[in-house]
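A look at the structure
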Amino acid sequence: MEGLLLGLGFIGVALAILTPFVKSGTGLTLISLAFYFRFAGLETWLPVILFTAGLLLIVFEIFIPEFGVAGVIGMILLISGLYLTIGDIGQTVRDLSLSVVITSGVVFYLVKNGYSLANVNKLVLQTNLPGTSSTEQERKEKPVINEGLKGTTLTPLRPSGKVVFGDDPTVYDVLSIDGHISRDSDVIVDRVKGTKITVRKNR
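Notes on the structure follow. Per chain, the residues get numbers from 1 upward, laid out in the order the sequence is written. pLDDT decides what is reported in this predicted model: residues at 70 or higher carry local features, side-chain atom pairs at 80 or more are listed and counted, and totals for whole chains, interfaces and linings draw on all residues regardless. To get the side-chain values, all heavy atoms of the structure are used, and hydrogens and water are removed first.

Together, Leu46, Tyr83, Leu84, Ile89 and Val93 give the surface a local cluster of nonpolar side chains, amounting to about 460 Å² of exposed area. Residue burial is assigned from relative accessible area. The probe radius is 1.4 Å, only protein chains are included, and a residue is buried under 20% of its type maximum, exposed over 50%, and partly exposed in between. A relative accessible area of 52% means that Ile89 is categorised as exposed. Patches were defined on residues exceeding 30% relative accessible area and lacking a salt bridge, with like-charge contacts within 9 Å and nonpolar side-chain contacts (Val, Leu, Ile, Met, Phe, Trp, Tyr) within 5 Å. Here the open area of atoms and residues is found with the Shrake-Rupley method and a 1.4 Å probe, where only the protein chains shown may cover a residue. Definition used for salt bridges: Asp or Glu carboxyl oxygen within 4 Å of a side-chain nitrogen of Lys or Arg.

What follows is about helix 2 (residues 22–39). Taking 1.5 Å of rise per residue, 18 residues should cover 26 Å, and helix 2 covers 26 Å from first to last C-alpha, within 8% of that figure. Each helix corresponds to a stretch of at least 4 residues labelled H or I by DSSP, and each strand to a stretch of at least 2 residues labelled E; elements are numbered beginning at the N terminus. Buried within helix 2 are the following residues: Gly25, Thr29, Ser32, Leu33, Tyr36 and Phe37. For helix 2, the angular spread of buried residues about the axis comes to 125 degrees, placing them on one side. Residues of helix 2 that are exposed and point more than 90 degrees away from the buried face comprise Lys23, Ser24, Leu30, Ile31 and Arg38. At the C-terminal side of helix 2, Gly41 shows a positive phi close to 80 degrees. What a helix should span is 1.5 Å times the count of its residues minus one. Note that the arc is defined by the directions from the helix axis to the C-beta atoms.

Across all of its chains, the model carries 2 salt bridges by this definition. Asp173 is paired through a salt bridge with Lys162; the nearest N and O atoms lie 2.9 Å apart. Residue Asp173 is located in strand 3 (residues 172–176), and its partner Lys162 is located in strand 2 (residues 160–165); the two are separated by 11 residues in the primary sequence. Here Lys162 falls in the buried class, since its relative accessible area comes to 3%. The closest approach of N and O atoms between Asp190 and Arg200, which form a salt bridge, is 3.4 Å. Taken together, the residues span a long stretch of sequence, with Asp190 in strand 4 (residues 186–193) and Arg200 in strand 5 (residues 196–201) at a distance of 10 residues. We classify Arg200 as partly exposed; its relative accessible area is 32%.

Okay, structure coming up:
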């Protein structure tokens, strides 16, 4: 039961980051984690503080790709918070493993259906020019490219991220079919379907 609640909390984070349902995802996370700590028999606030700090650092790692240290520290704090709550390393690993498996399945489904880190990237990599409306900017960012076109990654593709093609300064949201691709890597368009662009490494 606790592992399922923890998984729902992580799913809420994924929904808030990958989809437009930010409020719903955040609400699901808060409610699920509140019930998780309640059922786990929380005695002090220290585990909650450690867990929350760890989760925020992991989310920060998503906002600032390849920062590295934040993600590692965040995972350590998150696991520490769970362990102090449960007091059993075996159950901690089981709950965390179950929640990771469930969340990974949901994330895979969302990415497969065209969702990406575009929500986050709009906050981190604001490409709107002064005086340009968001509607006009979205119109400019619509893919008008063909398969086989070469480009360069502006952010890591994990598997989604930002790419520019040729001399065109327009920044495009793309999805990698080769998994993680580092920033400043050469890529080539594999397929264009509607507004969804998939790319692969340009070997």
